[in-house]
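Each chain, written out:
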Amino acid sequence: MERSNAHLQQQLGKKDEQVTVSPTTTMDTLPLVSPPPSRETLRETLPAAPAAPDDPVRRPTRRHRWLLWPLLAAVVAALPLLPVEVWLPHMDLPSDDLSSTADPLPPLFPADVPSFLNATCLDSERRFPLVVTPVDPSVSIERVSEWVERNRDIVTGWLDAYGAVLLRGFAVEEAAQFERVAMAYTDRLDNIYLGTSPREPVTNSEFVFTASEFESWKVVPMHCEMSFLPRPPEHLFFFAKEMPPDMVGGETPLVDMRAVAREMGEATRAVFERKGIRYVRAYPSARSSHPLDKYDPFKTKSYEAMFRH
């Protein structure tokens, strides 16, 4: 197929250019774009660049970019310390009055306490938890374990009524003694921990783990233990082997979630019952070399450790 000079000039949009094409030129030999202009031509045709302002904004150099990484890591690490309403997405929950349909509270002093024990509530207003102490310092934890094994139904009634039972003032020195109390109450203990906190098994015991390997200054927010599992634990047992007088932090606070639901407004509670709760969590790989994964002070378990079971 042949094309004239005029047709070619119209296609290229360069009517002022002189393009010489022989009558036998075909589409296979025609150029599809015009030759690039020379640097001198661009200098003559392009407008001059505007003058730089007195205080130009510079792009960060490579050295400056390296200085920004620690600042970014510090900001990300500080997010859990901010108020919840700052970093959590806003939830449009109704703001109604506290629910007036609260369940009746249990008695301040249970009636089924054995003669060698005392029992009362730590929080008399909410009746949580029930604190059990020995009448005499000579009462051993082994005696308590024997009584618990024979009276599991009484202990279960205490847990149902008060939410938690705190044994205080007994001479417990080893994790094995603490383990015997737990085994006296239930034979369904487990030694596979599927939670997110770093924990280590305690020697000379089969079911006891350290509560957490976090430093004492780190805060573990209130949560329902392993509630993301299809079958969460039915009971939890805690034991404080030693409490240094100069220790700061490290407490294990207990929250009565039944009281939280009881004191929540009915409309707000209905939103949770209707929509449910979804847990979303990201676990870094143990092989990750990213600075935010290697030096994150609030990092818990790696992906491999979390799902090794």
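Here the structure is a predicted model, which is why all the values come from computation and not from measurement. (Residues numbered from 1 in each chain as written. Predicted model: local features only at pLDDT ≥ 70, side-chain atom pairs only at ≥ 80, totals over all residues. Heavy atoms only, no water.)

Participant: Just checking my understanding: could you explain the overall build of the chain for this structure?
Facilitator: From N to C terminus, the chain includes eleven helices and three strands. Looking at the 309 residues of the chain, the share that counts as buried comes to 21%. Intrachain contacts of the chain at a sequence separation of at least 6 include 57% that bridge at least 24 residues. Approximately 23800 Å² of the chain is accessible, and the part contributed by carbon and sulfur atoms is 57%. (Helix = DSSP H or I, 4+ residues; strand = E, 2+ residues; numbered from the N terminus. Buried < 20%, exposed > 50% of the residue type's maximum accessible area, 1.4 Å probe, protein only. Contact = heavy atoms within 4.5 Å. Areas by Shrake-Rupley, 256 points an atom, 1.4 Å probe, with all protein chains shown as cover.)

Participant: Help me understand the nonpolar core in this model?
Facilitator: Side chains that are nonpolar tend, in soluble globular proteins, to be buried together. Leu130, Val144, Trp147, Val148, Trp158 and Phe170 are the most contacted members of the largest nonpolar core, which has 24 residues in total. Among the elements of the structure, β1 (117-123), β2 (128-134), α5 (141-150), α6 (152-162) and α7 (175-185) are those that each provide at least two residues to this core. Setting aside anything within four residues of it in sequence, one finds Trp158 in contact with Pro110, Asp112, Val113, Pro114, Leu130, Val132, Trp147, Gly163 and Val165. (Core = buried A, V, L, I, M, F, W, Y, C linked by side-chain atoms within 4.5 Å.)

Participant: Explain the packing of α5 against α6 here, please?
Facilitator: A pair of packed helices is characterised by two quantities: the angle between their axes and the separation of those axes. Contact geometry for α5 and α6: axes closest at 5 Å, N-to-C directions at 90°. Between α5 and α6, the interaxial angle falls into the category roughly perpendicular. Contact residues: Trp147, Val148, Glu149 and Arg150 in α5; Arg152, Ile154, Val155 and Trp158 in α6. Each residue belonging to the contact of α5 with α6 can be placed in one class, and the counts come to five nonpolar, no polar and three charged. (Axes fitted to C-alpha atoms, helices over the stretch in contact; angles between N-to-C directions. Parallel < 35°, antiparallel > 145°, perpendicular 65-115°, else oblique. Nonpolar A, V, L, I, M, F, W, Y, C, P; charged D, E, K, R; others polar.)

Participant: Where do I start with the side chain of Arg269 in this structure?
Facilitator: One can find Arg269 in helix α9 (residues 266-275). Of the side chains with opposite charge, Glu273 lies nearest to the buried Arg269, which makes no salt bridge, at 4.2 Å. Of the polar contacts made by the side chain of Arg269, one reaches the backbone oxygen of Ala261; its length is 2.7 Å. (Lys, Arg positive; Asp, Glu negative; His and termini not counted. Salt bridge = Lys/Arg side-chain N within 4 Å of Asp/Glu carboxyl O. Polar contact = N/O pair within 3.5 Å; in protein donor to acceptor, adjacent residues only side chain to side chain.)

Participant: How should the confidence of the model for the chain be read in this particular structure?
Facilitator: Note: predicted coordinates in regions of low pLDDT should not be interpreted at a detailed level. Taken residue by residue, the chain gives an average pLDDT of 75. The fraction at 70 or more is 66%. Counting contacts from residues 82-91, a segment whose pLDDT is below 50, to residues more than four positions away or on other chains yields three contacts. Per-residue pLDDT stays below 50 along residues 93-101; that stretch engages in 20 contacts with residues further than four places along the chain or on separate chains. (pLDDT = per-residue confidence, 0-100.)

Participant: When you look at the pairing of β2 in this model, what are you seeing that I'm missing?
Facilitator: Note on strand geometry: in a regular strand, side chains alternate between the two faces of the sheet. For β2, the buried fraction is high: six of the seven residues fall into the buried class. As judged from the six bridges shared by β1 and β2, these two strands associate in the antiparallel manner. Following the sheet pairing, Leu117 is matched in β2 by Pro134. Where β2 meets strand β3 (residues 165-167), three bridges bridge the pair, whose relative direction is parallel. Across the sheet, Val132 pairs through a bridge with Leu167, a residue of β3. (Pairing = 2+ DSSP bridges.)

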